[in-house]
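These are the residues of each chain, in order.
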Number of protein chains: 2
Amino acid sequence: MNQSLSLAETFAQAQYRTSGNGPRNVQVLLDALQNVDGSTPSDMYGRGETISKFERKLADMLGKETAVFFPSGTMAQQIALRIWSDRGSSKTVAYHPLCHLEIHEQDGLRELHHLEPVLLANKERLITLEDVKNMPENTACLLLELPQREIGGELPDYAELEAISVYCREKGIALHMDGARLFEILPYYGKTAEEVCALFDSVYISFYKGVGGIAGAMLVGDADLAEQAKIWKRRHGGDLISLYPYILSSEYYLDLRLPKMAQYYEEAKELADLYNGCSCIRTRPEVPVSNMFHLHIDVPKETAETTIASVQADTGIALVSYLQETGETSCTTEISIGDLYREVPKEKLRKAIMLLGERLEVACKIVF
Amino acid sequence: MNQSLSLAETFAQAQYRTSGNGPRNVQVLLDALQNVDGSTPSDMYGRGETISKFERKLADMLGKETAVFFPSGTMAQQIALRIWSDRGSSKTVAYHPLCHLEIHEQDGLRELHHLEPVLLANKERLITLEDVKNMPENTACLLLELPQREIGGELPDYAELEAISVYCREKGIALHMDGARLFEILPYYGKTAEEVCALFDSVYISFYKGVGGIAGAMLVGDADLAEQAKIWKRRHGGDLISLYPYILSSEYYLDLRLPKMAQYYEEAKELADLYNGCSCIRTRPEVPVSNMFHLHIDVPKETAETTIASVQADTGIALVSYLQETGETSCTTEISIGDLYREVPKEKLRKAIMLLGERLEVACKIVF
C-alpha cells in the first residue's frame, strides 16, 4: 500500500475510472474535428449555417420556436431571467438557494441586471408546489433546475412538476428550466425532451455536462425571447465573431452521447448501490435519477482522502478525485457517470468498493 | 465581361486577393492545432498552464503586471471601464463617438454597467489633447482607440499621445487603450508594444484582427485590475470552463504574424498609393499608418458595385468584398492587408486598379 500518493494522484494514475468521459484535454476537440472539412465556413457573429442549423436542430428537439447558442450557461440564464423580468415588469425572480446563479456567478444577476431573486425552499430540499404558491405575487419568473445538482441531482415527481407548470401559467409567471443536465434525466422520467420542455417557457441546456463537450449552451424559447437574447448576448460580450469550436464539438458529442443517457442512468444506480453497501458511506439520492449522485462519507475529510487514495493505489480503480468538507467528521464528492464506467471490470470494482468499506470501517473506529 | 455576378461573388471567385489572410473557416483552427499534442490539458475556469502561460507572455510583452484572457473585446473593455469607474468613484468615462462600445455593442456599457460615456471629438476626426483637456472633471477613464478604426485607422502623432498620457496621469484619470490593432501600428510609430503601453494604465488587444486568429482578447494592467476583471468575467458569463480553442489559436497566429506587421504596413501604403492614382477614389488615411485603410469612392454604391465586380471578374483579382453607402453618390469599404497580398502579381494588380480607374471614370460621366 503506497500511502504517499494523494487522492488526486492515485485517481490520475489508476488504470480504470468510474466517472466521466476521460481527461478534459485538447484531444476532446481533435476528436470532434476529425471528420469536419476545413472548408466549413465559420459562423459570423451569430449568423451562418454552422450556427443556425445547430440552433434549428435543438429548437426542434426541444419543441420550441427558436434556439440561441451561447458560449456559457451563466450568460444564457442571466439573460433569460432578465428578459422575463422586463416582460413581466418586475425585478423579482425566484429560484433555489443552491441555484447556479446564486452560488457560482459572483452575483452577476444582481450586479449586471439588478434583479432581485427570492430564494425558495432551502439548501436541504427541492422546491415544492407549496413553495411556489408562497412566492411573492410580483414574481416575473421561476427558475427550476432539473436535476437539482447541488443536492446530488434530485428531481421532483413529474406530477408535481406538471402542477407547478400549471400554477405558473395560471398566474402569468414565466417558468424557466436550468436544464444543464436535461438529457440525463429523460430516462428516469420516461419522457422526451420535448414533453418536459413543454412545461416550461424557456430552457437552457449545457453541452459539457453529460454530453461531455468543450463548452457552450443553448437557450430555447419563443421567437421574441430569441431576438432579445441575441441583443443581450452582444451586450454581454458573448456574440463572438466565431463560436464554431464550441458549436461543432457540442453537436459532435451530443450526437455521440444522447443515445447513451439511459445506460449512464442504469450504471449510476448500479454504482450507487455498491457504495450504499459500504460502512460510513451513503449516496444522495439513495437511488439516482440521472447519471449523477453525491457520495456522503461520515469520516473526516483527511481520513477519507488517505483511505480512498490507498484503495485507488492498491486496486487501480479511480473512485474519487476530490473531497469537500461538510463538517468535522464528514465530507462529500460528486460522481457523474460517463463513457469510462463500462470499461471497469465489474468484479474488480465490487472488490475495490468492498475494500474501501473495510478500510473506512477501520478508520471510523480509530477516529471515533 | 460578366456583369451578372455580384461584388461578393466575383470577390469569392477571383484567383488573387488583395486583403486578409484567407477565408474564415475551420481550416484556421485545424492549422493552429496541427502541432498541439492531444494530451495538452484544458484550462479550467481561467486556471491552468494553458491559459496562465499565455497571459504571462502577453503581460511581459506589453510590460504590464498581469493579463487576463477574454473570449471577446466587448467583454474585456466594458469590464476595464467599469473597474476604472469604480476605482474613480465616477460613472463618467470618455471615448470617441465611433468607439466600438458606442456603435457595436448594443449599448452594453450603459445597459449592464450604467456608465455614462462622454463623447469626445467628432465622427470626422481623432481625439486631441484639447478635447481631453475639456473633458468633465469627474471623468474616471479615457479610452483611446489606436488606430481609430472607423475613420480608416488614423493615429495621433506620438508626441500628442504622450501629452495626453501625461495630462491624464496629472489629473488622476485612468487611460485605457483599445488596442485591437496595437501590433499593426508599431511599425509606423517605430516603438515597441511595451513603450506604447507604458503610456496607458490598461490595454485591450485582439487576436483576430491583424493577428488573424479565431476569437479572443487580452486585457492587461495592474494585479488589482486583473483580479477584479476575473470577477467581472465570471459575472458576464465569460469565465468558460475551457477557452483553449481560442487561447491556442491566438498564440499560434500571434507567433506567426507578429513578425509580418511591418510588411503588412508597407504593403498597405503601396496599395493605397495605387488606389489614390485612380479617378473617383481616395484612401483614408491618404498614407496608411497600419495594415488598414478605407477606400472612399465618389460614385453611387450600386454603380461602384457593378464596376468593381466587372474588374474582379475580368482580372481575377479580388479588390473589394462589400461596400457601404455614405451618401447618394458615395460609398466606402475597409481594406486590411494580410498574408494574401504578397501573392498577388504586382503587374496584374497595377493593371486591375488602372482598369478600375478607367471604368469608374466612365461610370462617373454617365452618372453625373
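The shown structure was predicted, so the numbers you read here are calculated from the model rather than taken from an experiment.

### Comments concerning the nonpolar core
- Judged by nonpolar contacts, the single largest core of 187 residues is most densely connected at L142(A), L182(A), L142(B) and L182(B).
- Setting aside anything within four residues of it in sequence, one finds L142(B) in contact with A94(B), L120(B), V132(B), M135(B), I164(B), C168(B), I173(B), A174(B), L175(B) and H176(B).
- Judged by nonpolar contacts, the second largest core, of 54 residues, contains L112(A), A217(A), M75(B) and A76(B).

### Here's the deal with the interface of chain A and chain B
- Listed per partner, the contact involves 49 residues of chain A and 49 residues of chain B.
- Surface buried jointly by chain A and chain B totals about 3,900 Å² across both partners, of which 62% is contributed by carbon and sulfur atoms.
- Where chain A touches chain B, the interface holds zero salt bridges.
- Where chain A touches chain B, the interface holds 27 residue pairs in polar contact (both at pLDDT 80 or more).
- Elements with a contribution of two residues or more to the side of chain A that touches chain B: α2 (26–33), α4 (73–88), α6 (108–113), α11 (223–236) and α12 (244–257) of chain A.
- The element best represented in the side of chain A that touches chain B is α2(A), accounting for six residues.
- Its residues assigned to classes, the side of chain A that touches chain B shows 24 nonpolar, 17 polar and eight charged.

### Here's the deal with helix α8 (residues 158–171) of chain B
- A rise of 1.5 Å per residue sets the reference length of α8(B), with its 14 residues, at 20 Å; its end C-alpha atoms lie 20 Å apart and thus fit the reference within 8%.
- Every buried residue belonging to α8(B) is among Y158(B), L161(B), I164(B), S165(B), Y167(B) and C168(B), and all of these are buried.

### Comments concerning the relation of the copies chain A and chain B
- You can overlay chain A on chain B at an RMSD of 0.0 Å; the transform is a turn of 180° with a shift of 0.0 Å along its axis. The relationship between the two copies is best expressed as a two-fold rotation axis. Closest approach to the rotation axis within chain A is made by the C-alpha atom of L112(A), at a distance of 2.5 Å.
- A share of 100% of the interface residues of chain A reappears at the interface of chain B, consistent with the copies meeting face to face through the same patch.

### Some words on the domain arrangement of chain A
Residues and elements named next belong to chain A.
- Under the domain assignment, chain A is made up of domain 1 (7–23 + 260–367) and domain 2 (43–241).
- Computed from C-alpha atoms alone, the centre-to-centre distance between domain 1 and domain 2 is 31 Å.
- Listed by partner, the interface residues are 14 residues for domain 1 and 19 residues for domain 2.
- Overall, the association of domain 1 and domain 2 removes approximately 1,400 Å² of surface from exposure, summing both partners, and the carbon and sulfur fraction of that is 57%.
- Together, M261, R284 and V289 form the three largest contributors to the area buried by domain 1 at its contact with domain 2, with a combined 44%.

### Some points on the packing of helix α3 (residues 49–62) of chain B against helix α12 (residues 244–257) of chain B
All names here are of chain B.
- Running from N to C, α3 and α12 point in directions that differ by 40°, and their axes come no closer than 10 Å. Compared by their axis directions, α3 and α12 come out oblique. Both α3 and α12 take part in a crossing whose hand is left-handed. In this structure, α3 contributes T50, I51, F54, K57, L58 and M61 to the contact, and α12 contributes Y244, I247, L248, S250, E251, L254 and D255.
- Tallied by class, the residues present in the contact of α3 with α12 amount to eight nonpolar, two polar and three charged.

### Regarding the sheet that holds strand β12 (residues 324–327) of chain B
All names here are of chain B.
- Spatially, four strands are ordered β9-β10-β13-β12 in an open sheet, and the strand pairing comes out antiparallel. Two strands lie at the open edges of the sheet, namely β9 (281–284) and β12, each paired on one side alone. For this sheet, the mean angle separating the axes of adjacent strands, direction not counted, is 30°.

### Structural notes on the pairing of strand β5 (residues 141–145) of chain A
Residue and element names in this part refer to chain A.
- Along β5, five of the five residues are buried, which leaves the element largely enclosed by surrounding structure.
- Both faces of β5 are covered, namely the face carrying C141, L143 and E145 and the face carrying L142 and L144.
- Sheet topology note: the strand β3 (residues 92–95)/β5 ladder contains two bridges and is parallel. Residue pairing across strands places A94 opposite L142, the latter belonging to β5.
- Note that β5 and strand β6 (residues 174–179) share five bridges and pair parallel. Paired with L143 across the strands is H176, a residue of β6.
- Tracing the backbone out of β5, into helix α8 (residues 158–171) and back to the parallel element β6 gives a crossover that is right-handed.

### Comments concerning the pattern of salt bridges
- Taken as a whole and judged by the stated rule, the model has 43 salt bridges over all chains.
- Of the charged contacts, one joins E305(A) and K301(A) as a salt bridge, the two residues approaching to 3.4 Å between their closest N and O atoms. Highlighted residues: E305(A) and K301(A), both in helix α14 (residues 301–315), separated by four residues, approximately one helical turn.
- A relative accessible area of 23% means that E305(A) is categorised as partly exposed.
- Using a relative accessible area of 23% as the deciding quantity, one classes K301(A) as partly exposed.
- With a closest N to O distance of 3.9 Å, D339(B) and R342(B) form a salt bridge.
- When its relative accessible area of 13% is taken as the criterion, D339(B) is described as buried.
- It is possible to trace a salt-bridge network through shared partners that takes in R257(A), K260(A), D339(A) and R342(A).

### Comments concerning the pairing of strand β13 (residues 330–336) of chain B
Residues and elements named next belong to chain B.
- With six of seven residues buried, β13 lies mostly within the body of the structure.
- Pairing of strand β10 (residues 292–297) with β13 involves six bridges; the strand directions are antiparallel. In the sheet register, F293 faces β13, and the bridge partner there is I335.
- Pairing analysis gives three bridges linking β12 to β13, with the strands arranged antiparallel. Opposite Q324, over in β13, you have T332 as the bridge partner.

What counts, and where the lines are drawn
- Residues numbered from 1 in each chain as written.
- Chains lettered and ligands numbered in written order.
- Predicted model: local features only at pLDDT ≥ 70, side-chain atom pairs only at ≥ 80, totals over all residues.
- Heavy atoms only, no water.
- Core = buried A, V, L, I, M, F, W, Y, C linked by side-chain atoms within 4.5 Å.
- Buried < 20%, exposed > 50% of the residue type's maximum accessible area, 1.4 Å probe, protein only.
- Contact = heavy atoms within 4.5 Å.
- Buried area = accessible area lost by both parts, 1.4 Å probe.
- Salt bridge = Lys/Arg side-chain N within 4 Å of Asp/Glu carboxyl O.
- Polar contact = N/O pair within 3.5 Å; in protein donor to acceptor, adjacent residues only side chain to side chain.
- Helix = DSSP H or I, 4+ residues; strand = E, 2+ residues; numbered from the N terminus.
- Nonpolar A, V, L, I, M, F, W, Y, C, P; charged D, E, K, R; others polar.
- Expected span 1.5 Å × (residues − 1).
- Least-squares fit on C-alpha atoms with pLDDT ≥ 70 in both.
- Domains from an automatic or database assignment.
- Axes fitted to C-alpha atoms, helices over the stretch in contact; angles between N-to-C directions.
- Parallel < 35°, antiparallel > 145°, perpendicular 65-115°, else oblique.
- Left-handed = near helix turned anticlockwise from the far one by under 90°.
- Pairing = 2+ DSSP bridges.
- Right-handed = clockwise from strand over helix to strand, strands pointing away.

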